[in-house]
Amino acid sequence: MFEELKPHLAELRKRLAISVITVIVMFFVMFAFWQPILDWMIAPLVKVLPEGSHVIFTKVQEPFFTALKVAFFTGFIASLPVIFWQLWLFVAPGLYENEKKMVLPFVIGATIMFLLGAIFCYYVVIPFGYAFLINFGSQLFTALPSIGEYVSFFNKLVLGFGLAFEMPMVTYFLASIGLVTDQTLKEFFKYALVVIFLLSAILTPPDVLTQFLMAGPMIMLYGLSILIAHYINPAENEDDD
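A few points on the structure. Computed from a prediction, not measured in an experiment: that's the story for all the values here. (Residues numbered from 1 in each chain as written. Predicted model: local features only at pLDDT ≥ 70, side-chain atom pairs only at ≥ 80, totals over all residues. Heavy atoms only, no water.)

Another aspect to go through is the packing of aromatic side chains. The final tally for this structure, using the stated rule, is 19 aromatic pairs. Their ring planes at 40° and their centres at 5.1 Å tell us that Trp-88 and Phe-106 sit as a pair that is tilted. Residue Trp-88 is located in helix 4 (residues 80–91), and its partner Phe-106 is located in helix 6 (residues 103–135); the two are separated by 18 residues in the primary sequence. Of the residues examined, Phe-106 reaches a relative accessible area of 12% and is grouped as buried. A network of ring pairs unites the aromatic residues Trp-40, Tyr-122, Tyr-123, Tyr-130, Tyr-150, Phe-153 and Phe-154 as a single cluster. (Phe/Tyr/Trp six-rings, centres within 6.5 Å; stacked < 30°, edge-to-face > 60°. Helix = DSSP H or I, 4+ residues; strand = E, 2+ residues; numbered from the N terminus. Buried < 20%, exposed > 50% of the residue type's maximum accessible area, 1.4 Å probe, protein only.)

Right under this line is the structure:
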């Protein structure tokens, strides 16, 4: 059995190696521009800070490690087309010839959907979430957010929304190869709601507004996924039998 898995493990190692090398290369590229990228990252936070508040660092090494976080995260995002391409090449040997032709739609679509999720997070969720959290109690306390903590949370939040917005693309792929139907997704909907709100509670700040800002779009994306599955691979009508 191990001998049968060897080719698959070798292929997986090859695809992972290409993806990792791409991320490392893009990391060094992005590290050269980490300051303007960081300015862009903290812009939503700076806009909602009360007068007299500013972003700080509390540890000597914090600015350097923050620069590394910024470069790695943006390098990862810049590498997404290659990562998706390698993912497709790994699963392609198990697909039919007509299914293998979906590589470009998959790579382009998956990249666009991730970026849409990141954009929604940056322009909607982060401003609303941080405005609520910072203004709550600002009359009693002075907001001095740590740059390292903010960037870590920013990265986690953007990554969460980017992955959440992949739902329609994953559904398109699974429906195209016949693994899911619209009826399958409809039957799983009640469980999906629990998973969605659980993920929203984990990935967002501990306030109801921000959690709903993530859960709401995810529910709509799930509905869109049902429509995609209905169009690509609808469940057979038992009345037709």
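The next point concerns the pattern of salt bridges. This model, assessed by the stated rule, comprises one salt bridge. Across the pair Glu-11 and Arg-15 runs a salt bridge, and its minimum N-O distance is 2.7 Å. Here Glu-11 pairs with Arg-15, and both are found in helix 1 (residues 2–31), just four residues apart, close to one helical turn. On the basis of relative accessible area, Arg-15 is assigned to the buried category, the value being 12%. (Salt bridge = Lys/Arg side-chain N within 4 Å of Asp/Glu carboxyl O.)

All right, on to the side chain of Thr-181 then. On the secondary structure map, Thr-181 appears in the loop between helix 8 (167–176) and helix 9 (182–203). Beyond its immediate chain neighbours, meaning those up to four positions away, Thr-181 contacts Ala-229, Asn-233, Pro-234 and Ala-235. (Contact = heavy atoms within 4.5 Å.)

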